[in-house]
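Summary of structural features
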Amino acid sequence: MTSLPSPVIGAPGRPSWKSEAVGVALAFLLMALLPLVFGDTYTRHILIMVFIYAIVASNWDLSLGYGGVFNFGHLALFGIGVYAYGLLTKVAGVDPWVSLVASGIIATAAAVLVTIPILRLKGIYIILVTFGFAQLVMQVILSQSDVTGGTQGMVRIPGLYLFDHNMIRDGKIGYFYIALALLFLSTVFLRVIVRSRTGASIVALRDNEEYAISRGVSLARQRMITLAASAFFTGIAGAFYAAYQRNASIDVFGMSLATIILSMVLLGGTSTIYGAIVASFVLTIFSEAMADFGPWRPIITAVLIIVVMLVYPSGLSGMIRSIWNASAGRLRRPDAALAGKTEERPAA
């Protein structure tokens, strides 16, 4: 069987590894300086929540955008990370840092488990199975109320620690940089995948499943890799959320959070990874800015999403790309005009 060729690094519109790495490094360096600008704990709390949402949304983009798998159980993986961390630290007494990584592994195992029944399914059937999986996980948590707290949830979950540093009275600096580091690792992990041969085969299955299979791509293997890869940091994000909030609630399985995260994926632009991260900033900060509008807040937010999607169907990533290309074009025109005048100038 013939496998797909390696991705073309120099493809039109695709930055090189080096330029992308520099751009990512600069972006995260700027984010690392934000605590110097915003000294209040409330703003830092908002930024921490942005980082958590960005991890979940960008990982959902891997399966939904790149893989074309309508996995509506993605938020269940986040919830599994939340409760796995709570049970490991509070009930089993496992070290919080070990529990953080273990929660990602447990979420990955759950993703592999849910992949089995959807290996040969398409469209609405995948949505139904994954949505049913999310409801099943929630019902299991409710039925085991003796250890999970049921509808009351879990409280006083142990938080993370950094040697002798006080993570509670440091103005949220510690949790800010941990969340930023997790977002950085997640982003690098996702971009390495999508720019690899594995990423090329994932996209090939999405665009033309029959042709990709005829070229030797395994549908079962690639679909399992896609969902498992999107689950690891999602589970870790759930564990970090539990450690940061120090509680676990079944609200993480609700449609409200799922709608918010899905809006970030769609508004940012699917198949970009970066778009979901940008949309996480925009939607979270915009929603907080509209807090005084009460019940009008979700309506205004929905209108914003609709307007952006109508003008730029490719989302915020498409809008940023258009603005960048337009600005670059204006900068090139004076140089081109100057070069033309120099050529027309008669020789002395």
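A brief structural summary. Every chain's residues receive numbers from 1 upward, in the order its sequence appears when written. A pLDDT threshold of at least 70 governs which residues receive local features in this predicted model, and a stricter bar of 80 or more applies before side-chain atom pairs are shown or counted, although totals over entire chains, interfaces and linings include all residues. For the side-chain quantities, the full set of heavy atoms in the structure was used; hydrogens and water were omitted.

A look at the pattern of salt bridges
We define a salt bridge as a side-chain nitrogen of Lys or Arg found within 4 Å of a carboxyl oxygen belonging to Asp or Glu. Scanning the entire structure with this criterion turns up 5 salt bridges. Across the pair Glu20 and Arg195 runs a salt bridge, and its minimum N-O distance is 2.3 Å. With a gap of 175 residues between them, Glu20 in helix H1 (residues 17-32) and Arg195 in the loop between helix H8 (173-194) and helix H9 (197-207) connect regions that are remote in the sequence. Residue Glu20 is classed as buried on the basis of its relative accessible area, which comes to 9%. Only DSSP runs of H or I covering at least 4 residues are called helices, and only runs of E covering at least 2 are called strands; the numbering of each starts at the N terminus. The cut-offs for exposure are 20% and 50% of the maximum accessible area for each residue type, with area from a 1.4 Å probe on protein chains only; residues under the lower value are buried, those over the upper are exposed, and the others partly exposed.

Details of the side chain of Ser58
With respect to the element layout, Ser58 can be found in helix H3 (residues 41-66). On the basis of relative accessible area, Ser58 is assigned to the buried category, the value being 0%. Apart from residues no more than four positions distant in its own chain, Ser58 is found in contact with Ser186, Leu190, Ile273, Ala276 and Ile277. Whether two residues are in contact is decided by their heavy atoms: any pair within 4.5 Å suffices.

Here we look at the packing of aromatic side chains
Note on aromatic pairs: the rings of Phe, Tyr and Trp (six-membered ring only in Trp) are paired at centre separations within 6.5 Å, and the planes decide the class, stacked below 30 degrees, edge-to-face beyond 60, tilted for the rest. Evaluation of the coordinates by the stated rule reveals 12 aromatic pairs. Summarising the aromatic geometry, the rings of Tyr175 and Phe240 are spaced 5.8 Å apart at their centres and angled 65° between planes, so their arrangement reads as edge-to-face. Of this pair, Tyr175 sits in helix H8 while Phe240 is found in helix H11 (residues 219-245), placing the two residues 65 residues apart along the sequence. Among the residues examined, Phe240 registers a relative accessible area of 1% and is labelled buried. Residues Phe232 and Phe233 carry aromatic rings whose centres are separated by 5.2 Å and whose planes lie at 85° to one another, so their mutual orientation is edge-to-face. The buried category is assigned to Phe233, whose relative accessible area is 8%. Three or more aromatic residues joined by ring pairs form one cluster here, namely Phe51, Phe176, Tyr177 and Phe281. Charge-over-ring placement is defined geometrically: NZ (Lys) or CZ (Arg) within 6 Å of the ring centre, and within 35 degrees of the ring normal. Directly above the ring of Trp17 sits Arg195, whose terminal nitrogen or CZ lies 4.6 Å from the centroid.

Examining the packing of H3 against helix H4 (residues 74-91)
To define axes, lines are fitted to C-alpha atoms, for helices over the stretch in contact only, and angles between the resulting N-to-C directions are given on a 0 to 180 degree scale. Here H3 crosses H4 at 135°, and the two axes come no closer than 10 Å. Between H3 and H4, the crossing angle belongs to the class labelled oblique. Seen along the crossing, H3 lies across H4 with a hand that is right-handed. Counting all contacts with H3, which are made through Ile52, Val56, Asn59 and Trp60, the residues of H4 involved are His74, Leu75 and Phe78. Each residue is assigned to one class: nonpolar for Ala, Val, Leu, Ile, Met, Phe, Trp, Tyr, Cys and Pro, charged for Asp, Glu, Lys and Arg, and polar for all the others, Gly among them. Residues belonging to the contact of H3 with H4 are distributed by class as follows: 5 nonpolar, 2 polar and no charged. Any angle between 65 and 115 degrees counts as roughly perpendicular, while under 35 counts as roughly parallel, over 145 as roughly antiparallel, and the rest as oblique. For any helix crossing, the convention is left-handed if the near helix is rotated counterclockwise from the far helix by under a right angle, and right-handed if that rotation is clockwise.

As for the nonpolar core
If you look at soluble globular proteins, the nonpolar side chains tend to sit buried side by side. In this text, buried Ala, Val, Leu, Ile, Met, Phe, Trp, Tyr and Cys residues form a nonpolar core when linked through side-chain atoms within 4.5 Å. The biggest cluster of nonpolar side chains holds 80 residues, and the ones touching the most others in it are Phe51, Phe78, Phe240, Phe253 and Ile261. Element by element, the count of residues in this core is highest for H3, at 14 residues. Setting aside residues up to four positions removed in sequence, Ile261 forms contacts with Tyr53, Val56, Ala57, Trp60 and Leu75.

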